[in-house]
Amino acid sequence: DTAVSQTPKYLVTQMGNDKSIKCEQNLGHDTMYWYKQDSKKFLKIMFSYNNKELIINETVPNRFSPKSPDKAHLNLHINSLELGDSAVYFCASSRGQGARSARYTFGSGTRLTVV
Amino acid sequence: SQKIEQNSEALNIQEGKTATLTCNYTNYSPAYLQWYRQDPGRGPVFLLLIRENEKEKRKERLKVTFDTTLKQSLFHITASQPADSATYLCALSFSSNTGKLIFGQGTTLQVKP
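Since the model is a prediction, treat every value here as computed from it, not as a measurement.

Caption draft 1: The arrangement of the overall build of chain B in detail. What chain B contains, in helices and strands, is zero helices and eleven strands. Going from the N terminus to the C terminus, chain B shows its helices and strands as β-β-β-β-β-β-β-β-β-β-β. For 113 residues, the compact-globule estimate of 2.2 N^0.38 gives 13 Å, and the C-alpha radius of gyration of chain B, at 14 Å, lies within 12% of that figure. Projected onto its principal axes, the C-alpha positions of chain B cover 45 × 30 × 20 Å. Out of the 113 residues belonging to chain B, those deemed buried represent 48%. Restricting to contacts in chain B with at least 6 residues of sequence separation, those with at least 24 account for 55%. Put simply, chain B shows about 5600 Å² of open surface, and 45% of that area lies on carbon and sulfur atoms. Charge centroids of chain B, computed over 14 positive and 10 negative side chains, lie 2 Å from each other.

And the structure:
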């Protein structure tokens, strides 16, 4: 059983479209995250949710909107896609909420290509 | 400004040797430092966590040191194997209650047989 699963794995779409990426974890973790990895391999946090409550909301265009229907799911919706949104998006989860417990389990990533 | 720096150049070593990767940081006061491994097309995988008051941590062939005075962590893989070839990421976490990790850009290790 995959611990953190993301769908789709690849997403190719045109500029201006709206798309969603889904993430589910079966680890019983309380906190879920979205990270963006750019072409230079930097992983940057975008959002985190703890038990469906938004905890971290980094400086991200408001075209990006996370949604957590329950603590096992965190989806990412992106409106009006731009070329610069092309990247690999990783979902992750961790037990609890403090630094001590922030050992992440990552999904395998969604490679988004905007053309 | 705040920075985490890892060697951007790939590290090439011969099988059986010890690989040493460096993580330096500036203008951060992390409570913990973590190391992750990332293979191409995959998500990072947690390896080790070390606290600010710990000098060294070991797990099998892996060893991590953490020097908060130098603001540096060293990650060692002893008796390296070709299967250790991957990108290794260091990440900082803090005492605040958010669970946020700040990642370095990673160093790619290539172990040649």
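Caption draft 2: A look at the packing of aromatic side chains. Tallied over the full model, the rule gives 16 aromatic pairs over all chains. Ring centres 5.6 Å apart and planes at 50° place the aromatic pair Y104 of chain A and F106 of chain A in the tilted group. Site record: aromatic cluster; members linked through ring pairs are Y33, Y35, F90, Y104 and F106 of chain A together with Y36, F46 and F103 of chain B.

Caption draft 3: Seen up close, the sheet that holds strand β8 (residues 73–78) of chain A. Residues and elements named next belong to chain A. If you walk across this open sheet you meet the four strands as β1-β3-β8-β7, and the pairing is antiparallel. Each of the sheet's edge strands pairs with one partner strand only, and the pair in question is β1 (4–7) and β7 (64–70). The sheet shows a mean angle of 20° between the axes of neighbouring strands, direction not considered. Pairing analysis gives four bridges linking strand β3 (residues 19–25) to β8, with the strands arranged antiparallel.

Caption draft 4: Quick look at a positive patch on the surface. There is a patch of like positive charges on the surface, built from K9, K41 and R111 of chain A together with R42 of chain B. Note that R111 of chain A resides in strand β11 (residues 110–114). Judged by its relative accessible area of 43%, R111 of chain A falls in the partly exposed class.

Caption draft 5: Focus on the side chain of T13 of chain A. All names here are of chain A. Relative to the helices and strands, T13 is located in strand β2 (residues 10–13). By relative accessible area, which is 4% here, T13 ends up buried. Of the polar contacts made by the side chain of T13, one reaches the side chain of N17; its length is 2.9 Å. When residues no more than four places from it in sequence are discounted, the contact partners of T13 are K19, L81, L112, T113, V114 and V115.

Caption draft 6: Representation of the pairing of β1 of chain A within the structure. Residue and element names in this part refer to chain A. Only one face of β1 is covered, namely the one carrying V4 and Q6; the face carrying S5 and T7 has none of its residues buried. Where β1 meets β3, four bridges bridge the pair, whose relative direction is antiparallel. When the sheet's bridge partners are listed, Q6 is paired in β3 with C23.

Reading the values: rules and limits
- Residues numbered from 1 in each chain as written.
- Chains lettered and ligands numbered in written order.
- Predicted model: local features only at pLDDT ≥ 70, side-chain atom pairs only at ≥ 80, totals over all residues.
- Heavy atoms only, no water.
- Helix = DSSP H or I, 4+ residues; strand = E, 2+ residues; numbered from the N terminus.
- Rg over C-alpha atoms; globule rule 2.2 N^0.38 Å.
- Buried < 20%, exposed > 50% of the residue type's maximum accessible area, 1.4 Å probe, protein only.
- Contact = heavy atoms within 4.5 Å.
- Areas by Shrake-Rupley, 256 points an atom, 1.4 Å probe, with all protein chains shown as cover.
- Lys, Arg positive; Asp, Glu negative; His and termini not counted.
- Charge placed at Lys NZ, Arg CZ, Asp CG, Glu CD.
- Phe/Tyr/Trp six-rings, centres within 6.5 Å; stacked < 30°, edge-to-face > 60°.
- Pairing = 2+ DSSP bridges.
- Axes fitted to C-alpha atoms, helices over the stretch in contact; angles between N-to-C directions.
- Patch = residues over 30% accessible without salt bridge, like charges linked within 9 Å, V, L, I, M, F, W, Y side chains within 5 Å.
- Salt bridge = Lys/Arg side-chain N within 4 Å of Asp/Glu carboxyl O.
- Polar contact = N/O pair within 3.5 Å; in protein donor to acceptor, adjacent residues only side chain to side chain.

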